[in-house]
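Structure assessment
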Amino acid sequence: MATVTLKGNEINTLGNLPEIGNSMPNFNLVKNDLSELSKSDLKGKRVVYNIFPSLDTGTCAASTRRFNQEASSLENTYVVCVSRDLPFAQKRFCSAEGIDNVIMASDYKNGDFGKNLGVIFTDGPLNSLLSRSVIVTDENGKIVFTEQVAETTNEPDYEAAIAALK
């Protein structure tokens with residue numbers, strides 16, 4: 001279990017992020033068009049997983065906008081933005097914001113993505129949502145960078161995540 005804060009108040013997650021060097025666990029997420037996205041769909045590409053509670057918060061929206069901007073210049077790299085928002089809400093947000101360089105994916109069905117990574121909140125006002133985190137994998141699905149943001153209202157370290165790709 002990891003402990004982070006929300007506006008200074010401690011909240012806990014189901015577990016800890018996987019170790020650098022481990023393989024990204026298998027997962028099934030739902031994309032905006034209701035098709036599934038799995039780890040095997042990303043094979044051969046580097047991947048930045050931008051994980052967050054909900055697009056309906058300013059920080060989550062800001063991280064999606066920033067990674068969308070960064071994604072346009074990253075070679076052989078997908079950016080996957082993951083929350084438990086419904087795919088319809090993710091699609092509406094992307095349409096309104098002009099977000100088209102990232103893959104939006106929802107963990108709403110069974111939460112396996114969040115469970116396997118240990119990032120589901122287990123208490124507090126965000127209970128059952130995903131903790132703000134970034135995981136970067138190489139072309140072979142090996143984890144090369146992780147960050148679980150200590151204060152949920154803060155943005156992730158974009159520069160460190162991008163630097164892990166080099």
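This is a predicted model, so every value here is computed, not measured. (Residues numbered from 1 in each chain as written. Predicted model: local features only at pLDDT ≥ 70, side-chain atom pairs only at ≥ 80, totals over all residues. Heavy atoms only, no water.)

**Quick notes on helix H1 (residues 58–71)**
Note the threshold: Put simply, DSSP marks the helices as runs of H or I at least four residues long and the strands as runs of E at least two long, and each gets a number from the N terminus on. Given a helix with a known number of residues, its expected span is that number minus one, times 1.5 Å. Burial classification: accessible surface area is computed with a 1.4 Å probe over protein chains only, and a residue below 20% of its type maximum counts as buried, one above 50% as exposed, and the rest as partly exposed. Residue contacts are counted whenever heavy atoms from the two residues lie within 4.5 Å of one another.
Counted at 1.5 Å a residue, the expected span for H1 with its 14 residues is 20 Å, and the 20 Å between its end C-alpha atoms agrees. The complete set of buried residues in H1 reads Thr 59, Cys 60, Ala 61, Ser 63, Thr 64, Phe 67, Asn 68, Glu 70 and Ala 71. In this structure, the buried side of H1 is in contact with strand E5 (46–51), strand E6 (77–83), helix H2 (87–97), strand E7 (103–106), strand E8 (133–137) and helix H4 (158–163).

**Here we look at the layout of surface pockets**
Test applied: We place a 1 Å grid over just the protein atoms. Points where a 1.4 Å probe fits but has no way out form a cavity, open points with protein on both sides within 12 Å along at least 5 of 7 lines form a pocket, and any residue with an atom within 4 Å of a point lines it. Grid points are joined across faces, edges and corners, and a volume is the space filled by probe spheres set on the points. For this scheme, ten residues count as nonpolar: Ala, Val, Leu, Ile, Met, Phe, Trp, Tyr, Cys and Pro. Four count as charged, namely Asp, Glu, Lys and Arg, and the remainder, Gly too, count as polar.
Taken as a whole, the largest pocket spans an internal volume of roughly 160 Å³. Considering the residues around the largest pocket, the lining is formed by 14 residues, among which Lys 39, Leu 42, Lys 43, Asn 140 and Gly 141 are closest to the centre. For the lining of the largest pocket, the residue count by class is four nonpolar, five polar and five charged.

**So, H2**
Count 3.6 residues to each turn of an α-helix, and residues three or four apart come out pointing the same way. Our working definition: Working note: the arc is built from the helix axis to C-beta atom directions.
Those residues of H2 lying buried are Pro 87, Gln 90, Phe 93 and Cys 94. End-on, the buried residues of H2 take up no more than an arc of 125°, which puts them together on one face. Opposite the packed face of H2, turned more than 90 degrees from it, sit the exposed residues Phe 88, Arg 92, Ser 95 and Ala 96. Those residues of H2 that are buried lie in contact with strand E3 (28–31), H1, E6 and E7. Once H2 ends, the next one or two residues include Gly 98, with phi positive near 70°.

**Digging into the environment of Ile 135**
Mapped onto the elements, Ile 135 comes out in strand E8. Owing to a relative accessible area of 0%, Ile 135 belongs among the buried residues under this scheme. Taking the C-alpha atoms as reference, Ile 135 lies 9.0 Å from Pro 18; in sequence the two are 117 residues apart.

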